[in-house]
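Chain by chain, the residues run as shown.
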Amino acid sequence: MSTPPPPPASGAAGAATGGTVGATGATAAHVHATLPPHAGQAPPPPKPNLFVRTWAYRGKITFGLFLAYSSANFFYNWRLQKIRDTIPPNTVLHWRITDGSIVETDTDKGYYQKALRAASGNTPAPVSTLIDIVTAIKHAKDDPRIVGIMANFSTANKTQPGNALGLAQIQELRNAIQEFKEAKAKALGGEDKVSLIAYTDSFDNQSQYYLASVFDKVYMQPSGSIPLVGLSSTVPFFKTLLGRFGIQVRAEARKEYKSMVSPFTETELPPPQKQNLFDLLKGLNAQLLADIAKSRARALGSDPVEKLNHLIQIGPFMGSEAKDEGLVDGLVYKRDCGKMIEKHGAFGLAHYLRVKSKEHTNKLAKTGEPSLVVGIIYLIGGIKRGGGDFGANTIVRGIREAANDPAVDAIVLRIDSGGGDVVASDTIGDAIRWCQDEKKKPVVVSFGNTSASGGYFVSTHAKAIMAQPTTVTGSIGVASLRPYFTPEFFKLIGVSVEQFFTGSSDTSFLNDLEGNALTRYKRQIDATYSDFIKRVADGRKLTIEQVENVAGGRVMNGKEALKAGLVDKLGGLSQAVRLAGDYGLEAHKAAGHLPSDMQVDNIVVKVFPKPKPWVQQIVESITGDEAVDMYAKEKIRSMMMRVMGGDFVGLLQEVGLSEEEVFGNGVGRQVVEIEDLRVV
């Protein structure tokens, strides 16, 4: 049996123990060295995944994507617009024409006004101004890329009702197209190389055909028609109707040709007025037929004018009849016309004007060529006091703005008005004199379809007056109307009236003018007429006798006015702008601002008065158009209520009688005005 060994000595044991401990410490140190750094601490959070990191930067990423998309979209649209604005060779301009698509001036002015109307769903049909269309055609005439124009008169283009063009406006368009035709025939080597095509499903009126006839080829849908029947005018007479209600009209006119009062005082026109109206229509009709005959000479035969005179006696014409008579060249559909020009490029006329205007502006900026600036002010419709689009205050403001603009060299006043208030006419006439005498800026007046009576009163002292051969002008005369409500009227409606005066009773419509009151009334009419005659003589450098020979209320066309010395030249708005620019250049030369031999071909047009502030545009956009519609509805409702209530004084006011006669100075206020002559 063995026994356990004795324990080691203490020293040895200590050494052994120490060795063991040392070995253990070394092992611990080795283990510590091989452990992760965070051993013995809380574990770190896990790293975020891609979605979390992307979400953290969502704002910056979104902005970056938006910036990239916007840049790419901008570049794409810019490039697309550049392609759209590129006019290829052998291009035919496409022109859509409907009643109301061409206007003298666009009264729907201002970006905010149009934007708000579009937002409300009341988007008007696109319109172009007359001068813009003429300018586009004149640009195209000298543009080698353009080889023709295709005009579409189809009623399918019509989105809203509008007014047809007048004869003078059509003449200006016809002249521009004729110039285009002649220039292109020379440049391309023959008329057969020029594509001038007019197409319609049916002509709504003969004004459309008058314009279409200047094109080389006129096509119509087989079921269409042409209302070629000559010019006419209808004058209603109210004397008998007013008499039935016990209303008499005290009227004074100077002189025998002034027909504005006749519908209220006669049952038919007096012989001088009847003859004057017939002569006017006859002259306008002759001009219309002569223009059509010149354009359609080949198709109409050896004596086109005589044939047209015969045709207007038997019109209107259905499609097959129109083709047989040479009024149209073929009966086709729109798709057939498209095939005729499919080998050519297509470009919208309005789009062409925008592109060409930009090209022209860039060219002037590069070359540094000088330009003249002509301001245009439009006077459209009845001449009246106050504001509104064409009120006297607005016209005067436009003249003053243009006169005070240092960039403007001359001014054109475009008038399409049959007359109106004598005070308003005098106010506008004075502004023209002030502009020329004090601001030394020439004013040229351009007559549109009509510029008679008050419209001529305004123009007497202009530097020059221009009119088209078919412009209706003259009517140098004065007329005044004053209704008298007899006792029979009040007996008829069952009303009794008692009046009290502290002074004259001449302003009361319940009292007829007699004795001294009637004498004063006539004397004032005579004085106004005499002043009108003197103004014309002074402004036109004529004798009183010369003016008297063409005055007395006589109306005439532009050709006759030229012979009588009432206008200086025949031409349209574009020619008036050119003439005004030449006068402005002469004024600069006379003042020593420019060399005497300097020539300036470029003219820039600015329309005055300038657009209203955007805040005012917004307010008027909200109320203006709605007010027009509501005005018409309220007018009808008010007239019906006055008839039902027997308020015939108010009824006359509603139909505009008091508005045009405007009473003051103790008796009826004189009005310089022409009757509403409708030539269709």
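In this report, the structure presented in the accompanying data block is examined. Keep in mind it's a predicted model, so treat the numbers as computed, not measured. (Residues numbered from 1 in each chain as written. Predicted model: local features only at pLDDT ≥ 70, side-chain atom pairs only at ≥ 80, totals over all residues. Heavy atoms only, no water.)

Observations concerning the pairing of strand 1 (residues 91-96)
The two faces of the sheet receive side chains in turn, since in a regular strand these alternate between them. Bridging between strand 1 and strand 11 (residues 345-348) involves four bridges; their strand directions are parallel. From the neighbouring strand, Leu93 faces strand 11, where its bridge partner is Phe347. As judged from the six bridges shared by strand 1 and strand 4 (residues 146-152), these two strands associate in the parallel manner. In the strand pairing of strand 4, Leu93 is matched with Ile149. (Pairing = 2+ DSSP bridges. Helix = DSSP H or I, 4+ residues; strand = E, 2+ residues; numbered from the N terminus.)

Here's the deal with a nonpolar patch on the surface
Side chains of Phe51, Val52 and Trp55 sit close together on the surface and give an oily, nonpolar patch of about 370 Å² of accessible area. Judged by its relative accessible area of 43%, Val52 falls in the partly exposed class. (Patch = residues over 30% accessible without salt bridge, like charges linked within 9 Å, V, L, I, M, F, W, Y side chains within 5 Å. Areas by Shrake-Rupley, 256 points an atom, 1.4 Å probe, with all protein chains shown as cover. Salt bridge = Lys/Arg side-chain N within 4 Å of Asp/Glu carboxyl O. Buried < 20%, exposed > 50% of the residue type's maximum accessible area, 1.4 Å probe, protein only.)

Some remarks on the packing of helix 16 (residues 392-404) against helix 17 (residues 422-437)
Following both chains from N to C, one finds helix 16 and helix 17 inclined at 5 degrees, their axes separated by 9 Å at the closest point. Overall, the two elements helix 16 and helix 17 adopt an arrangement that is roughly parallel. Two secondary-structure elements touch here, helix 16 through Ala392, Ile395, Val396, Ile399, Arg400, Ala403 and Asn404 and helix 17 through Ala424, Thr427, Ile428, Ala431, Ile432, Trp434 and Cys435. For the contact of helix 16 with helix 17, the residue count by class is 11 nonpolar, two polar and one charged. (Axes fitted to C-alpha atoms, helices over the stretch in contact; angles between N-to-C directions. Parallel < 35°, antiparallel > 145°, perpendicular 65-115°, else oblique. Contact = heavy atoms within 4.5 Å. Nonpolar A, V, L, I, M, F, W, Y, C, P; charged D, E, K, R; others polar.)

Topic: the sheet that holds strand 4
In spatial order, the strands read 10-6-5-4-1-11; together these six strands make up an open sheet with parallel pairing. Of all the strands in the sheet, just strand 10 (330-331) and strand 11 have a single pairing partner and so form its edges. As paired elements, strand 6 (residues 217-220) and strand 10 share two bridges and run parallel to each other. Bridge assignment links Met220 to a residue of strand 10, and that residue is Leu331. Across the sheet, helix 15 (residues 349-367) lies against strand 1, strand 4 and strand 11, angled at about 80 degrees from strand 11, the strand it touches most.

Digging into the packing of aromatic side chains
One pass over the structure, following the stated rule, counts eight aromatic pairs. The structure contains a cluster of three or more aromatic residues connected by ring pairs, namely Phe153, Phe203 and Tyr209. Between the NZ or CZ atom of Arg400 and the centre of the ring of Trp434, over which it lies, the distance is 4.2 Å. Over the face of the ring belonging to Tyr583 we find Lys463, whose NZ or CZ atom lies 5.2 Å from the ring centre. (Phe/Tyr/Trp six-rings, centres within 6.5 Å; stacked < 30°, edge-to-face > 60°. Lys NZ or Arg CZ within 6 Å of the ring centre and 35° of its normal.)

Considerations on unusual backbone geometry
If a residue is not glycine, its phi is most likely negative; likewise, a peptide bond is most likely trans. With an omega dihedral of 5 degrees, the bond running from Gly315 to Pro316 counts as a cis peptide bond. Note that Pro316 resides in the loop between helix 12 (304-314) and strand 9 (317-318). Note the cis peptide between Phe608 and Pro609, where omega equals -5 degrees. Locating Pro609 in the fold gives a position in the loop between strand 21 (602-608) and helix 24 (614-645). Of note in the backbone geometry, Ser475 takes a positive phi value of approximately 55 degrees without being a glycine. With respect to the element layout, Ser475 can be found in the loop between strand 17 (472-474) and strand 18 (478-485). The class of Ser475 is buried, set by a relative accessible area of 1%.

Brief notes about the pattern of salt bridges
Any two side chains of opposite charge can pair, given that their charged atoms come close. Applying the stated criterion across every chain yields a total of 26 salt bridges. Lys141 serves as the salt-bridge partner of Asp142, at 3.2 Å between the closest nitrogen and oxygen. For Asp142, a relative accessible area of 58% corresponds to the exposed category. Among the ionic pairs, Asp216 bridges to Lys181, the shortest N-O distance being 3.3 Å. On the criterion of sequence distance, the pair formed by Asp216 in the loop between helix 7 (206-212) and strand 6 and Lys181 in helix 6 (residues 167-188) is long-range, its members being 35 residues apart. With relative accessibility at 8%, the residue Lys181 sits in the buried group.

Overview of the environment of Val261
Along the chain, the position of Val261 falls in the loop between strand 8 (247-254) and helix 9 (262-265). The spacing of Val261 and Arg250 is 11 residues in sequence and 9.3 Å in space, taken between C-alpha atoms. Here Val261 is in contact with Ala251, Glu252, Ala253, Ala479, Ser480 and Leu481, once residues within four sequence places are set aside.

Brief notes about the nonpolar core
One finds Trp95, Leu173, Phe215, Ile226, Leu228, Leu308 and Leu327 to be the most contacted residues of the largest nonpolar core, which totals 62 residues. Per-element accounting of this core gives the leading share, eight residues, to helix 10 (residues 271-295). Among residues more than four places away in sequence, those in contact with Phe215 are Trp95, Ile149, Ala151, Ile177, Leu196, Ile197 and Ala198. In this structure, Val373, Ala402, Val408 and Ala462 belong to the second largest nonpolar core, which totals 47 residues. (Core = buried A, V, L, I, M, F, W, Y, C linked by side-chain atoms within 4.5 Å.)

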